[in-house]
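# Structure at a glance
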Amino acid sequence: MASKAKTNGVKHIENENKVHGWGPESWREKKVKQDVTYENQDQLKSVLNKLNRLPPLVTATEVQKLRQQLAEVAEGKCFLLQGGDCAELFDYCSQDPIESKLKVLLQMSLILVWGGRTSVVRIARMGGQYAKPRSKPTETINGVEYLAFRGDNVNGNDLSERQPDPQRLLQAYFHSSATINYVRALLASGFADLHNPEMWDIDAWALDHVRSPAVRLEYQHIVERLRDALDFMRTIGAEDDAKTNPSMASVDLFMSHEGLLLDYETQLTRKVGEKWYNLGAHFLWIGDRTRQLDGGHVEYFRGLENPIGIKVGPSMKPDELVELLDIIDPLCLPGKVTLISRYGHEAIGDHLPGHIRAVQCTNHKVVWCSDPMHGNTEMSSNGVKTRRFEHIMTELGKAFRIHKDCGSRLGGVHFELTGDRVTETIGGSMELSESDLLTNYQTFCDPRLNYEQSLDVAFMIAKYFAGQRSQLNM
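Keep in mind that this is a model prediction, so the values were computed, not measured.

Our focus in this paragraph is the environment of Glu72. Within the element layout of this structure, Glu72 appears in helix 3 (residues 60-74). Taking the C-alpha atoms as reference points, Glu72 and Pro334, 262 residues apart in sequence, are found 7.9 Å from one another. Residues in contact with Glu72, not counting those within four places in the same chain, are Lys77 and Cys78.

Here it is as structure tokens:
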């Protein structure tokens, strides 16, 4: 089947010139989906002015470092792991929740490094992921209509706090700042050091939660090989290298959130040299509800130097995806855009191949990342939202196979997860059932993988990578 001609340079130049007409507030001339209406406009103006004067939360140098690493992912040299809460609460800005999320992301990445024999780029949904898009602006509870809960940076989940409050934008900044600062301090203090017994005591991974003997045996085999690898490093003196080689004692961890509230994002958009960066996060993404080609969010994102994520679901037409890429990334820079696919385990086969082929007919060098969470949400019989681990892994497995069949590469994964032992997702090696959900159901947003289920995912991906390396699979 003949392929379409790839996008030519004329359109690139045209789009590059359009960027020169961009400004941090040019989005105000467009229609904005998921916008928030504040009653007190004077207070909003005061808060935004204050935010504009506050220092950045990240640096342009860090953003560029992530750009370089994602370019390597796009070229097949690294693998991307992105994960964290659906929507953070201000209460999550506390020592234990921060440490538990950091711990599970680091342990997952170690398993993936071993399984894939590749470097892993780590991005946390953390330090700013406070807003949540809603399908409706209101909800009815006990026959009374209330404004929907839009996330801690907009309003409160308590019914008495549903009026949008501009002061919450300031609270979001300071909670983000405290979270990012503590993560930096942990990483600088050896939290990720491979010789940190609290983090990497492989013998403590008892796997007692794994119900199936066969699955426990598979996981134990991986753990034993990880232990052998670490023991080998100590034997040859790699332990001493940590004193002179920072990569042995720490890792890069980048912060991300959905760029939903443009009033807030604009105030943290700063000019460095001749380029504009959002310095409230290293990585931002455009959600499936705000990716309109002529909308305010696309207008805002097209002028940023940050690497950008785009959620791609069943409603995205292949030609629309190409148009969106041409707007966001007119120069076709490797790794500038990460396409985060989220279809559902039953629909992925109907949509992903067409999206892959559409991108292959252009010069864009994107990172393909699978989000097998969002398309697999359902309502349980006891009235809470949940997801089934089996469906999550089915979509992820299909994503790997479809990319391989299409001559493409799945370069990363994106999960809503927590390091806590919550009971929000059915299944996994713990074999959680619907009746277990209310045992420790904590989320105010979408259901997450718990600590054990997150490690389940990492073990399964590692097993897949190991199989791809096997001579039997060549």
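What follows covers the sheet that holds strand 12 (residues 377-379). Read across the sheet, three strands follow the order 12-13-15 without closing on themselves; strand pairing throughout is mixed. Only two strands of the sheet have a single neighbouring strand rather than two, namely strand 12 and strand 15 (425-426). Note that strand 12 and strand 13 (residues 385-388) share three bridges and pair antiparallel. Note that in strand 13 the partner of Met379 across the bridge is Lys385. Across the sheet, helix 14 (residues 389-405) lies against strand 12, strand 13 and strand 15, angled at about 55° from strand 13, the strand it touches most.

Among the nonpolar cores identified, the biggest contains 100 residues, and Ile310, Leu339 and Phe415 are the most heavily contacted of them. For this core, the leading source of residues is helix 4 (residues 95-116), giving ten residues. Once you skip the residues sitting within four places of it in the chain, Ile310 turns out to touch Ile286, Met316, Leu324, Leu325, Ile328, Val337, Thr338, Leu339 and Ile340. Core analysis: the second largest hydrophobic core is formed by 13 residues, Ile123, Trp285, Val367 and Cys369 among them.

What follows concerns the state of the cysteines. Tallying each qualifying case throughout the model produces one disulfide. Put simply, Cys86 and Cys445 are joined by a disulfide, and their sulfur atoms are 2.3 Å apart. With Cys86 in the loop between strand 1 (78-84) and helix 4 and Cys445 in the loop between strand 15 and helix 15 (451-469), this pair connects stretches of sequence that are 359 residues apart. Residue class for Cys86 comes out buried when judged on its relative accessible area of 7%. Judged by relative accessible area, Cys445 falls into the buried class, the value being 11%.

Here Gln34, not a glycine, exhibits a phi torsion of approximately 60°, which is positive. Its location among the elements puts Gln34 in the loop between helix 1 (9-19) and helix 2 (41-53). Judged by its relative accessible area of 16%, Gln34 falls in the buried class. Phi is positive for Asn142, which is not a glycine, with a value near 55°. Position of Asn142 relative to the elements: it lies in the loop between strand 3 (138-141) and strand 4 (144-147). For Asn142, a relative accessible area of 79% gives the class exposed.

Moving on to the packing of aromatic side chains. Overall, the coordinates contain nine aromatic pairs when judged by the stated rule. Ring geometry for Tyr300 and Phe301: centres 5.6 Å apart, planes at 85°, overall edge-to-face. In terms of burial, Tyr300 and Phe301 fall into one category: buried. With a centroid separation of 4.4 Å and 35° between ring planes, the pair formed by Phe400 and Tyr464 is classed as tilted. Separated by 64 residues along the polypeptide, Phe400 in helix 14 and Tyr464 in helix 15 bring together distant segments of the chain. By relative accessible area, which is 8% here, Phe400 ends up buried. Put simply, the rings of Trp22, Trp276, Tyr300 and Phe301 touch in pairs and so form one group of aromatic residues.

Turning next to the confidence of the model for the chain. Scored by pLDDT, the chain comes out at a mean of 90, with 89% of its residues at no less than 70. This stretch, residues 1-5, has a pLDDT under 50; its non-local contacts, to residues over four places away or in other chains, come to three contacts. Across residues 7-18 the pLDDT falls below 50, and counting only partners more than four positions away or on other chains, this stretch makes 15 contacts in the model.

The rules we used
- Residues numbered from 1 in each chain as written.
- Predicted model: local features only at pLDDT ≥ 70, side-chain atom pairs only at ≥ 80, totals over all residues.
- Heavy atoms only, no water.
- Helix = DSSP H or I, 4+ residues; strand = E, 2+ residues; numbered from the N terminus.
- Contact = heavy atoms within 4.5 Å.
- Pairing = 2+ DSSP bridges.
- Axes fitted to C-alpha atoms, helices over the stretch in contact; angles between N-to-C directions.
- Core = buried A, V, L, I, M, F, W, Y, C linked by side-chain atoms within 4.5 Å.
- Buried < 20%, exposed > 50% of the residue type's maximum accessible area, 1.4 Å probe, protein only.
- Disulfide = S-S within 2.5 Å.
- Phe/Tyr/Trp six-rings, centres within 6.5 Å; stacked < 30°, edge-to-face > 60°.
- pLDDT = per-residue confidence, 0-100.

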